[in-house]
Amino acid sequence: MNHYETVFILNPVLSEDQIKETVKKYEDLLVSKGAKMISKENWGLKKLAYPIQNKKSGFYHLFEFTVDGEVVHELETEFKRDERFMRYLTVSLDKHAIAWAEKRRNRNKKSA
C-alpha cells in the first residue's frame, strides 16, 4: 500500500450538488478498490493562473489515501473519461511529505 495525494479541479459551471455527487463518486470508487481515505479537503472555487477550456476558475479538491499503485491508474483513467474534470494530479508521498501533510491537516483543524 502506497501513500498518495490527488488534487483535482472541477468545472466551475457545476452546481454544488453536482460537485458533491462527483466527489462522492470518486471517493466511493477508491474505497471500493481497497483504498483507505486519510483526508479529504474542499478548497473551494479558486481563480486559475491561466485559462483551462476557456474557464478562469475551478473547484479544487484534495484526496489523501493509501492504496495499491494499480488503482491510481484506474482512477486517473476515470478522470480522463469524465468531462467534469479540468485537471488532476496524483503524487506518491514519501515519509517527509506524509509528515508535512499531517502537519497541514492539524493546522487546518486548528484554524477551522
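Residues numbered from 1 in each chain as written. Predicted model: local features only at pLDDT ≥ 70, side-chain atom pairs only at ≥ 80, totals over all residues. Heavy atoms only, no water.

Per an unreviewed UniProt entry, the recorded name for the protein chain is Small ribosomal subunit protein bS6, and the organism is Aequorivita iocasae. The protein chain has a UniProt comment under Sequence similarities (unreviewed entry) that states "Belongs to the bacterial ribosomal protein bS6 family." Under the UniProt heading Function (unreviewed entry), the note attached to the protein chain is "Binds together with bS18 to 16S ribosomal RNA." (UniProt positions renumbered as here; feature names shortened; annotations may be inferred.)

Peer 1: What's the story with the environment of Lys36 in this structure? I'm lost.
Peer 2: Mapped onto the elements, Lys36 comes out in strand 2 (residues 36-52). For Lys36 and His3, which are 33 residues apart along the polypeptide, the C-alpha to C-alpha distance reads 9.5 Å. Residues within four places of Lys36 in sequence aside, it is in contact with Glu64, Phe65 and Thr66. (Helix = DSSP H or I, 4+ residues; strand = E, 2+ residues; numbered from the N terminus. Contact = heavy atoms within 4.5 Å.)

Peer 1: Honestly, helix 2 (residues 69-81) in this entry has me stumped. Any pointers?
Peer 2: Under the 1.5 Å per step criterion, the end-to-end length of helix 2 is 19 Å for 13 residues, consistent within 8% with the ideal 18 Å. Listed in full, the buried residues belonging to helix 2 are Val71, Val72, Leu75 and Phe79. Down the axis, helix 2 shows its buried residues gathered within 105° of arc, on one side only. Seen from the open side of helix 2, the exposed residues pointing more than 90 degrees away from its buried face are Glu70, His73, Lys80 and Arg81. (Expected span 1.5 Å × (residues − 1). Buried < 20%, exposed > 50% of the residue type's maximum accessible area, 1.4 Å probe, protein only. Arc of directions from axis to C-beta.)

Peer 1: Explain the sheet that holds strand 1 (residues 2-10) to me, please; I cannot follow it from the model alone.
Peer 2: Hydrogen bonds between backbone atoms are what pair the strands of a sheet, whose relative direction is either parallel or antiparallel. What the four strands build is an open sheet, ordered 2-3-1-4; its pairing is antiparallel. Edge positions in the open sheet fall to strand 2 and strand 4 (85-92), since each of these has one partner strand only. Shown here is a sheet whose adjacent strand axes are inclined to one another by a mean of 20°, direction ignored. For strand 1 and strand 4, the ladder comprises seven bridges, and the chain directions are antiparallel. Residue pairing across strands places Ile9 opposite Arg87, the latter belonging to strand 4. Packed on one face of the sheet, helix 1 (residues 16-32) meets strand 1, strand 2, strand 3 (55-67) and strand 4 and runs near 25° to strand 3. (Pairing = 2+ DSSP bridges. Axes fitted to C-alpha atoms, helices over the stretch in contact; angles between N-to-C directions.)

Peer 1: Looking at this structure, how should I read the pairing of strand 3?
Peer 2: Both faces of the sheet carry side chains from a regular strand, because those side chains alternate between them. Burial runs high along strand 3: ten of the 13 residues are buried. For strand 1 and strand 3, the ladder comprises nine bridges, and the chain directions are antiparallel. Within strand 3, the residue paired with Val7 across the bridge is Leu62. As paired strands, strand 2 and strand 3 are joined by eleven bridges and run antiparallel to one another. Following the sheet pairing, Gly44 is matched in strand 3 by Tyr60.

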